[in-house]
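Letter by letter, the chains look like this.
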Amino acid sequence: MRRVLLHLGLHKTGTTAAQSFLYDNRELIWPHFALVLPYRTRNSGLSRAATNHSVYGTVGTLAEFGAQVRGLLDTLDFGDKRGLIVSEENFAGLRPSRNIEQGYSAAPELAACLVDAVHHRFSGQEVEITIYLSLRQRGGWLRSLWAHDLQRMRQVQDFETFRSNMEHIPSLEDTVERIRERLPSVLVHSEWLEELQLRRYGPGTPFAEYLDLPQDRAKLLEPPSKTNTRLPEDALAELLNLNRSRLDDAALIEQKAAIIERAKSTLVGTK
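Rules used throughout
- Residues numbered from 1 in each chain as written.
- Predicted model: local features only at pLDDT ≥ 70, side-chain atom pairs only at ≥ 80, totals over all residues.
- Heavy atoms only, no water.
- Helix = DSSP H or I, 4+ residues; strand = E, 2+ residues; numbered from the N terminus.
- Rg over C-alpha atoms; globule rule 2.2 N^0.38 Å.
- Buried < 20%, exposed > 50% of the residue type's maximum accessible area, 1.4 Å probe, protein only.
- Contact = heavy atoms within 4.5 Å.
- Areas by Shrake-Rupley, 256 points an atom, 1.4 Å probe, with all protein chains shown as cover.
- Lys, Arg positive; Asp, Glu negative; His and termini not counted.
- Charge placed at Lys NZ, Arg CZ, Asp CG, Glu CD.
- Core = buried A, V, L, I, M, F, W, Y, C linked by side-chain atoms within 4.5 Å.
- Salt bridge = Lys/Arg side-chain N within 4 Å of Asp/Glu carboxyl O.
- Pairing = 2+ DSSP bridges.
- Axes fitted to C-alpha atoms, helices over the stretch in contact; angles between N-to-C directions.
- Phe/Tyr/Trp six-rings, centres within 6.5 Å; stacked < 30°, edge-to-face > 60°.
- Lys NZ or Arg CZ within 6 Å of the ring centre and 35° of its normal.

A look at the overall build of the protein
Counting secondary structure elements, the protein contains 14 helices and five strands. Against the compact-globule benchmark of 18 Å for 271 residues, the protein has a radius of gyration of 19 Å, which places it among compact chains. Projected onto its principal axes, the C-alpha coordinates of the protein cover approximately 60 × 45 × 30 Å. Counting every position in the protein, which comprises 271 residues, the buried fraction comes to 50%. For the protein, restricting intrachain contacts to residue pairs at least 6 apart in sequence, the fraction spanning at least 24 positions comes to 78%. When the accessible surface of the protein is totalled, it reaches about 13800 Å², and 48% of it is carbon and sulfur. Distance from the positive charge centre (34 side chains) to the negative charge centre (35 side chains) of the protein: 3 Å.

Structure follows, in structure tokens:
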């Protein structure tokens, strides 16, 4: 039986560390599962197809996403028994802070499209599909979204204004439940980031458990080497002030990069 794990995010819930775990351990994983990670989905335009559908929500955008997924799956070598692990948070839709009106409303439809593509790829074969989503307590999740936008965009709202504007976005648990309702025949599993951070492989733990490697191979698994570091409050305040300034885009990017680099260097130095 083919085993397929679709990790659909959600954004800012430890996905960077989860994907680092998968990439760092790819040589152990490959004999059992083909891997599809963001470097592939984003370079191919597949990630953008998913986020486009989450914004526009048309029959055409969903069809384009489905066609691209099928095209990608057709390029993968599954051999006789190899399964599949996909990890891409944009497959749940565009980051809600950039898609405030829609949030994750398209996530169930995108998930169903992925499941259909998997069944099509393995037509006539027995397939066990699991959808996995990581969760985070709402306060920390919203603050992480805001901090991310401060770094990547010209976000000019302070956190309280940002949080107020995001108040209508349903909870992450609600998104999981809507996917579960849309796909009653698929196992939909979730874990809390706050709990995963206390476990051996951090956000990589659910994948280590899912792999179910023989003991002699499992002991070779490495924890994720890459995580997103939370910047200190003074650095976030500097970024907010810069975003509110009249600097042109080039100067803004340069000065923000310097602040971020300095803050990360300080954090490393305090470990």
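The structure having been displayed, the exposition proceeds.
Focus: the nonpolar core
Counting 62 residues, the largest nonpolar core has Leu 6, Phe 65, Leu 84 and Ile 131 as the members making the most contacts within it. Ignoring anything within four residues of it in the chain, the contact list for Leu 84 reads Arg 3, Val 4, Leu 5, Phe 33, Ala 34, Val 36, Leu 73, Leu 76, Phe 78 and Val 118. Listed in part, the 19 residues of the second largest apolar core include Leu 28, Tyr 132, Tyr 201 and Tyr 210.

A closer look at the pattern of salt bridges
Applying the stated rule across the entire model yields 15 salt bridges. The shortest N-O distance in the salt bridge between Glu 233 and Arg 143 comes to 2.5 Å. On the criterion of sequence distance, the pair formed by Glu 233 in helix α13 (residues 233–243) and Arg 143 in helix α7 (residues 138–152) is long-range, its members being 90 residues apart. Here Arg 262 ties to Glu 238 by a salt bridge, and the two come within 3.1 Å at their closest N and O atoms. Of this pair, Arg 262 sits in helix α14 (residues 249–269) while Glu 238 sits in helix α13, and the two are 24 residues apart along the sequence. A relative accessible area of 32% places Glu 238 in the partly exposed class. Among the charged side chains, a salt-bridge network with shared partners connects Arg 42, Glu 88 and Glu 89.

Regarding unusual backbone geometry
The peptide bond linking Gly 9 to Leu 10 adopts the cis configuration, its omega dihedral lying at 20 degrees. Phi angles above zero are rare outside glycine, and Lys 12 is one such case at about 60 degrees. Locating Lys 12 in the fold gives a position in the loop between β1 (2–7) and α1 (15–24). According to the relative accessible area criterion, Lys 12 is buried, its value standing at 17%. Positive phi outside glycine occurs at Asp 212, with the angle close to 50 degrees. By secondary structure assignment, the location of Asp 212 is in the loop between α11 (205–211) and α12 (215–218).

Quick word on the sheet that holds strand β3 (residues 83–87)
Taking strand neighbours across the sheet as the criterion, the five strands line up as β2-β3-β1-β4-β5 in an open arrangement whose pairing is parallel. For this open sheet the edge positions go to β2 (33–36) and β5 (187–192), each flanked by a neighbour on one side alone. Within this sheet the neighbouring strands show an average axis-to-axis angle of 15 degrees, counted without direction. Relative to β3, β1 is paired through four bridges, and the arrangement is parallel. Note on β3: the bridge partner recorded for Val 4 is Leu 84.

Here's the deal with the packing of aromatic side chains
Evaluation of the coordinates by the stated rule reveals six aromatic pairs. Relative to Tyr 210, the ring of Phe 33 lies with its centre 5.6 Å away and its plane at 45 degrees, an arrangement referred to as tilted. Of the two residues, Phe 33 sits in strand β2 while Tyr 210 sits in helix α11, which places them 177 residues apart along the sequence. The class of Tyr 210 is buried, set by a relative accessible area of 11%. Aromatic pair Trp 146 and Phe 159: ring centres 5.6 Å apart, planes at 55 degrees, arrangement tilted. Taken as a pair, Trp 146 in helix α7 and Phe 159 in helix α8 (residues 159–165) lie far apart in primary sequence, 13 residues in all. Each member of the pair, Trp 146 as well as Phe 159, carries the same accessibility label: buried. Residue placement shows Arg 3 over the ring face of Tyr 210; its charged tip is 4.0 Å from the ring centre.

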